[in-house]
Amino acid sequence: MKIFVTGGAGFIGGNFVYYMLKTHPDYDIVCLDALTYAGNLETLSDALENPRFTFVKIDITDRQAVFSLFDKERPDIVVNFAAESHVDRSILNPEIFLKTNILGTQALMDACKEYGVKRYHQVSTDEVYGDLPLDRPDLLFTETTPILTSSPYSASKASADLLVQAYCRTYGLPATISRCSNNYGPYHFPEKLIPLMIINILKGKPLPVYGDGKNVRDWLYVEDHCSAIDLIIHNGSIGEIYNIGGNNERSNLQIVELLIKTLGKGEIKFVRDRAGHDLRYAIDSTKIKTQLGWVPETRFEDGIRKTVDWYLDNRSWWENIVSGEYTNYYRKMYEERG
Ligand code: NAD
Ligand code: TDX
C-alpha cells in the first residue's frame, strides 16, 4: 500500500506520517509538501531515515508536477493535509488561501481521477460550520450543521469540501471528508495559540490574548486526530463526512492560565480582538465513534503535559523557527548534497 500525504512537513501531516509509519509497518509513505513558511523539513528528519518514507518538494497547485508524481508513484490512497491554515494570515491576505486550499484540492482530485486512486481523503475543519453561542452549551456541530463560514480561511476550506462532494457525486471519486476541532501536540507551528504561549513563557515575553479571552475551542491531542483519519481511510464509507472532536471545551483564557500554571510563570496581555472572531467551536463526534469505533485516548491534562515537555525537550526545533534558520534545512539536506 502506498499513501500520499500532502502537507506532511506541517503540524498534523507530520504527526500523521509518524503515526502511519509506526502503525502500518508494510506501508510506503510519500510526503508532498511545498515547504511554505509553515512547512519544516526538520519535523520529518527521523522519517527521512526510514526507507519506507520519501519526501518530494511539490506545490499541490502545480498540476503538471502533481500529475507527473502520480504517474511515477501510483499511490493507492491520498490524504490531503496541505493548506494555508492560519486564520489571522487569511484575514491579512486571503488570495493564497483560495489558491492552495481550493485549486490545490482540485488538482489533487483530478490526478486521483486520472490515476484511479482508491481513496482520496480531505482533511477539513470544524470552522466550516461557523461558530456557536457561548451561552448554549447544549449546541454542538454535527455533520448536518449548515456551512456558515466566518473567515477567508474557513470559507476556503468549506469551498474545498463542496468541491470534494461534487467530485464524489459527479465523477464517482472515492472520497471522504473529516472535520476536526483544534489540535495540539508536538511540531505545532509557533504562531498558533498553544505553542505561541509556551514559547513566549519560556522566552519571558507577554502572552497576547485576543479580546476578553472568552472564546472557546474544543481541543484534541493530535495523535487522536491521526487515529481517526487512519480509521476513515480504511473503514469509512465513500461520500461521507466525519466530525472529529475532543469533547474538551476550554476558553482561551483557561488555556493560557493552565500553561502559566504548568510552567510556573507568564504574564497575560489582552490585545485587540481578531476580526470576525468565532466565539465557540464544539464538535459532536457520535458518528465516527459509533460507526467506526473511534476512541480518543489522550486526556487533556496528559496531552498538555506531554506537549509542554516536548517543547522543553525540543528547543532547537522551535528556536530554529523563531530565528528563521529552519528554512535552510531543505538546502542543507538536499541542494548541498551534490
Ligand atoms: P500547517 O500550517 O502546520 O501545515 C500545512 C502544511 O502544508 C505545511 O507543511 C505547508 O508547507 C504545506 N503547504 C501549504 N501550501 C502548500 C501547497 N500549495 N502545496 C504543498 N504543500 C503546501 O497546518 P496544520 O495545522 O498541520 O493543518 C493541516 C490540515 O488540517 C489543514 O488542511 C487544516 O485546515 C486542517 N486542520 C487543522 C487543525 C488544527 O488545529 N491545526 C484543525 C482541523 C483541521
Ligand atoms: O496569539 C493568539 N492569541 C489568541 O488569543 C493566538 C495566535 C490566538 N488566540 C486565540 C484565537 C482563537 O480563539 O486563540 C484561539 C486559537 O487560535 P489559533 O491557534 O489561531 O487557532 P484557530 O483560529 O482556532 O484555528 C485552528 O483550529 C482550526 C487552526 O489554526 C485551523 O487550521 C483549524 O482549522
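Structure's up top.
Residues numbered from 1 in each chain as written. Chains lettered and ligands numbered in written order. Predicted model: local features only at pLDDT ≥ 70, side-chain atom pairs only at ≥ 80, totals over all residues. Heavy atoms only, no water.

K.L.:
Explain the overall build of the protein chain to me, please; I cannot follow it from the model alone.
P.N.:
When helices and strands are tallied, the protein chain shows 12 helices and 12 strands. Taking 20 Å as the expected radius of gyration for a compact globule of 338 residues, we find that the protein chain reaches 19 Å, a close match to that expectation. Based on the C-alpha atoms only, the size of the protein chain along its principal axes is roughly 55 × 50 × 35 Å. A burial count over the protein chain gives 56% of its 338 residues as buried. Of the accessible surface of the protein chain, which amounts to about 14600 Å², a share of 49% is contributed by carbon and sulfur atoms. Here the protein chain contributes 37 positive and 45 negative side-chain charges, whose respective centroids are spaced 1 Å apart. (Helix = DSSP H or I, 4+ residues; strand = E, 2+ residues; numbered from the N terminus. Rg over C-alpha atoms; globule rule 2.2 N^0.38 Å. Buried < 20%, exposed > 50% of the residue type's maximum accessible area, 1.4 Å probe, protein only. Areas by Shrake-Rupley, 256 points an atom, 1.4 Å probe, with all protein chains shown as cover. Lys, Arg positive; Asp, Glu negative; His and termini not counted. Charge placed at Lys NZ, Arg CZ, Asp CG, Glu CD.)

K.L.:
Explain the sheet that holds strand 11 (residues 249-251) here, please?
P.N.:
Strands sit in the order 7-9-11 across an open sheet of three strands; the sheet is mixed. A single partner strand is all that each edge strand has here, and the edge strands are strand 7 (182-184) and strand 11. Here the average twist between neighbouring strands, direction ignored, is 50 degrees. Relative to strand 11, strand 9 (residues 216-221) runs antiparallel, the two sharing three bridges. Bridged to R217 within strand 11 is R250. (Pairing = 2+ DSSP bridges. Axes fitted to C-alpha atoms, helices over the stretch in contact; angles between N-to-C directions.)

K.L.:
Any chance you could explain helix 7 (residues 222-235) here in plain terms?
P.N.:
Think of an α-helix as turning once every 3.6 residues; residues three or four places apart then point the same way. The terminal C-alpha atoms of helix 7, which comprises 14 residues, lie 20 Å apart, in line with the 20 Å expected from a rise of 1.5 Å per residue. Helix 7 sits mainly inside the fold: 10 of its 14 residues count as buried. (Expected span 1.5 Å × (residues − 1).)

K.L.:
I would appreciate a short explanation of the pattern of salt bridges in the present structure.
P.N.:
When the charged atoms of two side chains lie near each other, side chains of opposite charge can form a pair. Scanning the model with the defined rule gives 17 salt bridges in all. As a salt-bridge pair, R63 and D110 come within 2.8 Å of each other at their nearest N and O atoms. One end of the pair, R63, is in helix 2 (residues 63-73); the other, D110, is in helix 4 (residues 95-114), and 47 residues separate them in sequence. Between R315 and E319 there is a salt bridge, with its nearest N and O atoms 3.2 Å apart. Here E319 and R315 lie together in helix 11 (residues 315-323), a separation of four residues that amounts to about one turn. Among the residues examined, R315 registers a relative accessible area of 34% and is labelled partly exposed. It is possible to trace a salt-bridge network through shared partners that takes in R250, R299, E301 and D302. (Salt bridge = Lys/Arg side-chain N within 4 Å of Asp/Glu carboxyl O.)

K.L.:
Can you walk me through the packing of helix 6 (residues 193-203) against helix 8 (residues 252-263) in this structure?
P.N.:
Running from N to C, helix 6 and helix 8 cross one another at 35 degrees; their axes reach a closest spacing of 10 Å. Note that helix 6 runs across helix 8; the crossing there is right-handed. On the side of helix 6, the interface is formed by L193, I194, M197, I198, I201 and L202, while helix 8 contributes N252, I255, V256, L259, I260 and L263. Residue composition of the contact of helix 6 with helix 8, by class: 11 nonpolar, one polar and no charged. (Left-handed = near helix turned anticlockwise from the far one by under 90°. Contact = heavy atoms within 4.5 Å. Nonpolar A, V, L, I, M, F, W, Y, C, P; charged D, E, K, R; others polar.)

K.L.:
Which parts of the structure should I look at to understand the pairing of strand 9?
P.N.:
It is a general feature of regular strands that their side chains alternate between the two faces of the sheet. With respect to burial, strand 9 is a largely interior element, six of its six residues being buried. Residues of strand 9 alternate between two faces, with V216, D218 and L220 on one and R217, W219 and Y221 on the opposite face, all of them buried. Of the strand pairs in this sheet, strand 7 and strand 9 are connected by three bridges, and their pairing is parallel. Looking at strand 9, one finds that N182 is bridged to W219.

K.L.:
How do you make sense of the site of ligand 1 when you look at a structure like this?
P.N.:
Of all residues adjacent to ligand 1, which total 29 residues, the nearest are I12, D33, S85, Y153 and K157. One of the backbone N or O atoms of A34 is found 3.1 Å from a nitrogen atom in ligand 1. The separation between an oxygen atom of ligand 1 and a polar side-chain atom of S85 is 2.7 Å. Protein chains bury 96% of the 840 Å² of accessible surface belonging to ligand 1 in isolation. Looking at the shell around ligand 1, the elements that each hand over two or more residues are helix 1 (11-23), strand 5 (119-125), helix 5 (152-171) and strand 7. (Near = heavy atom within 4 Å. Polar contact = N/O pair within 3.5 Å; in protein donor to acceptor, adjacent residues only side chain to side chain.)

K.L.:
What is the right way to read the nonpolar core from this model?
P.N.:
Inside soluble globular proteins, nonpolar side chains tend to come together where they are buried. Counting residues in each nonpolar core, the largest one holds 31 residues, and the members touching the most others are F4, F70, V78, C112, Y120 and L173. Among the elements of the structure, strand 2 (28-33), helix 2, helix 4, helix 5 and strand 6 (175-180) are those that each provide at least two residues to this core. Not counting chain neighbours up to four residues away, the residues in contact with Y120 comprise V78, N80, T105, L108, M109, C112, V164, L173, P174, A175 and T176. One finds I12, I29, L44 and V123 within the second-largest nonpolar core, a separate group that totals 29 residues. (Core = buried A, V, L, I, M, F, W, Y, C linked by side-chain atoms within 4.5 Å.)

K.L.:
Would you explain the sheet that holds strand 3 (residues 53-57) in this entry?
P.N.:
What holds strands together in a sheet is hydrogen bonding between their backbones, with the strands either parallel or antiparallel. Here we have seven strands laid out as an open sheet, ordered 3-2-1-4-5-6-10, and parallel in their pairing. Sheet topology places strand 3 and strand 10 (241-244) at the edges, where each strand pairs with a single neighbour. When the angles between neighbouring strand axes are averaged without regard to direction, this sheet yields 20 degrees. In the packing of helix 1 onto the sheet, the strands contacted are strand 1 (2-6), strand 2, strand 3 and strand 4 (77-80), and the crossing angle to strand 1 comes to about 160 degrees. With respect to the sheet, helix 4 is in contact with strand 1, strand 4 and strand 5, its orientation differing from that of strand 5 by roughly 165 degrees.

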